[in-house]
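Architecture at a glance
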Amino acid sequence: MTPLVDVAFLLLTFFMLTTQFKPMEEVTIILPSSHSAYKLPESDVMTVNIAQDGRIFMGLDSQHLRSRLFGKENELKASVQIDKSQLANYLVQARTMNPKLRTVIKGDRDADYGTVEDVMDILQKTQITRFNLVTDLARTVE
Amino acid sequence: MAGGDVAAPKQHGKKGKKRKKGRRLGVRIDFTPLVDVAFLLLTFFMFTTTMSRPQTMEINLPPNKEQKVEVGESNLLTLRVSDKGDIFWSVGLDAPKRIAAADLRAILREKVQTNPKLVVVLKIDRMGKYNTMVNFIDEFGVTRVERFSLAPLLENDKVLMAKAQS
């Protein structure tokens, strides 16, 4: 019995320490799939979510930054809906607060390309020329 | 069940020195509830944990839009995608030809192998799907197209596509 309990506690501590609770999503986004093998960075991530209906949400992984940027009431939200015209403003502000932020676009697979094009345009205008697109790993093998 | 297992200290006949030792040895605690809770928490954390981080693909844009890159006409492969997802390809200023999505990879492979300096321009209709763009960029990655650019699909591109369609 004792070895069993030992192992159980070992696993328990492992999972307790490694777990990261999945943040509550404001919108459900079905990701497109790709063969790319880059992993999403673990910290300092700024996410631009594009919902299927073209709404844009901006999210930051640090709670501290979120409360500074979006106000106290949005501190616990993973992402906040933002108007397209305001996006550039918020991106610049977030980058001045934390220059290490990496930008990530998380678009729904059925979102209109036009919206994505506009977002990429805004990113380019705000000098964010390097960003990542979040995808699911395609299961098919070439 | 739990309560009954806590054994009372054994009574020793003798009194004196040995008594302290005996009492300590006699206490047996039932660990079953503790283990129950441990396993409960273990399963909870096992189910809630997200082990894998999502995949990403990296995109680099040129720093400023005004900067013009001169590309020879023969090195330029244009892919136009209509709002319905039909793909048309053309080299240089040739008339676009329609191809099926399944044949795209073969064409890209062939073009890249014959001309390593090839630059691909991807023009997707604004009404198209984001998924289309990701598929194309993924396809470029698979076929080792290192230089590609995204450009807006203009009205004259639509005219060209309509011509090729008929």
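Below is a summary of the structure that appears in this document. Small disclaimer: the values here were computed from a predicted structure and weren't measured. (Residues numbered from 1 in each chain as written. Chains lettered and ligands numbered in written order. Predicted model: local features only at pLDDT ≥ 70, side-chain atom pairs only at ≥ 80, totals over all residues.)

Concerning the overall build of chain B
Helix and strand counts for chain B come out as 5 helices and 6 strands. Listed N to C, the secondary structure of chain B is α-α-β-β-β-β-α-β-α-β-α in terms of helices and strands. Within chain B, buried positions represent 20% of all 166 residues. (Helix = DSSP H or I, 4+ residues; strand = E, 2+ residues; numbered from the N terminus. Buried ≥ 20, exposed ≤ 12 C-beta atoms within 10 Å, placed from the backbone.)

Some thoughts on the overall build of chain A
The number of helices and strands found in chain A is 4 helices and 7 strands. For chain A, the α and β elements follow one another from N to C terminus as α-β-β-β-β-α-β-α-β-α-β. With the C-alpha coordinates aligned to their principal axes, the bounding extent of chain A is approximately 65 × 45 × 25 Å. When the 142 residues of chain A are sorted by exposure, 27% land in the buried category. A separation threshold of at least 6 residues defines the contact pool for chain A, and within that pool the share at least 24 residues apart is 74%. (Contact = placed C-beta atoms within 7 Å.)

Here's the deal with the interface of chain B and chain A
On the chain A side, the residues contacting the 38 residues of chain B number 44 residues. If you list the elements that add at least two residues to the side of chain B that touches chain A, you get α2 (32–48), β1 (55–60) and α4 (130–142) of chain B. Among the residues making up the side of chain B that touches chain A, the classes are represented as 21 nonpolar, 10 polar and 7 charged. The pairing of strand β7 (residues 130–137) of chain A with β1 of chain B spans 6 bridges and is classified as antiparallel. Its bridge partner lying in β1 of chain B, Arg 130 of chain A is registered against Asn 60 of chain B. (Nonpolar A, V, L, I, M, F, W, Y, C, P; charged D, E, K, R; others polar. Pairing = 2+ DSSP bridges.)

A short note on the packing of helix α1 (residues 2–18) of chain A against α2 of chain B
Running from N to C, α1 of chain A and α2 of chain B cross one another at 35 degrees; their axes reach a closest spacing of 9 Å. Crossing of α1 of chain A against α2 of chain B: the hand is left-handed. Along the contact surface, α1 of chain A presents Val 5, Ala 8, Phe 9, Leu 11, Leu 12, Phe 15 and Met 16 of chain A, while α2 of chain B presents Val 35, Ala 38, Phe 39, Leu 41, Leu 42, Phe 45 and Met 46 of chain B. Considering only residue class, the contact of α1 of chain A with α2 of chain B consists of 14 nonpolar, no polar and no charged. (Axes fitted to C-alpha atoms, helices over the stretch in contact; angles between N-to-C directions. Left-handed = near helix turned anticlockwise from the far one by under 90°.)

A word on the nonpolar core
Within the largest apolar cluster, 43 residues are counted, with the highest numbers of intra-cluster contacts made by Ile 50, Ile 105, Val 116 and Val 119 of chain A together with Leu 79, Tyr 130 and Met 133 of chain B. The leading source of residues in this core is α4 of chain B, at 5 residues. Residues contacting Ile 105 of chain A, with those up to four places away along its chain left out, are Val 48, Ile 50, Val 119, Phe 131, Leu 133 and Val 134 of chain A. (Core = buried A, V, L, I, M, F, W, Y, C linked by C-beta atoms within 7 Å.)

A short note on unusual backbone geometry
Residue and element names in this part refer to chain A. Within the chain, Asp 44 stands out as a residue other than glycine whose phi angle is a positive 55 degrees. Although it is not a glycine, Gln 127 adopts a positive phi angle of roughly 65 degrees. Note on placement: Gln 127 falls in the loop between α4 (113–125) and β7.

Structural notes on the pairing of strand β4 (residues 56–60) of chain A
Residues and elements named next belong to chain A. A large share of β4 lies buried, amounting to 5 of its 5 residues. Side chains Ile 56, Met 58 and Leu 60 of β4 all project onto a buried face; the interleaved residues Phe 57 and Gly 59 project onto the opposite face, where all are buried too. In the sheet, strand β3 (residues 45–50) pairs with β4 via 5 bridges, with the strands oriented antiparallel. In the sheet register, Val 48 faces β4, and the bridge partner there is Met 58. Here β3 folds back onto β4, and the loop between the two strands holds 5 residues, one of which, Gly 54, carries a positive phi near 90 degrees. In this sheet, strand β5 (residues 79–82) lies alongside β4 in antiparallel orientation, the contact comprising 4 bridges. Within β5, the residue paired with Ile 56 across the bridge is Ile 82.

A short note on the environment of Leu 93 of chain B
Residue and element names in this part refer to chain B. By the element assignment, Leu 93 lies in the loop between β3 (87–91) and β4 (97–99). Looking at Leu 93, the number of C-beta atoms within 10 Å reads 8, which means it is exposed. On a C-alpha basis, the gap between Leu 93 and Ala 164 in space is 14 Å, while along the polypeptide they are 71 residues apart.

Here we look at the sheet that holds strand β6 (residues 148–152) of chain B
Residue and element names in this part refer to chain B. Pairing in this open sheet of 5 strands is mixed, and the strands run β4-β3-β2-β5-β6 from one edge to the other. Each end of this open sheet is capped by a strand with a single partner; those strands are β4 and β6. The mean inter-strand angle of the sheet, taken between neighbouring strand axes irrespective of direction, is 30 degrees. This element, α4, spans β2 (76–81), β5 (119–124) and β6 of the sheet and lies at about 170 degrees to β5.

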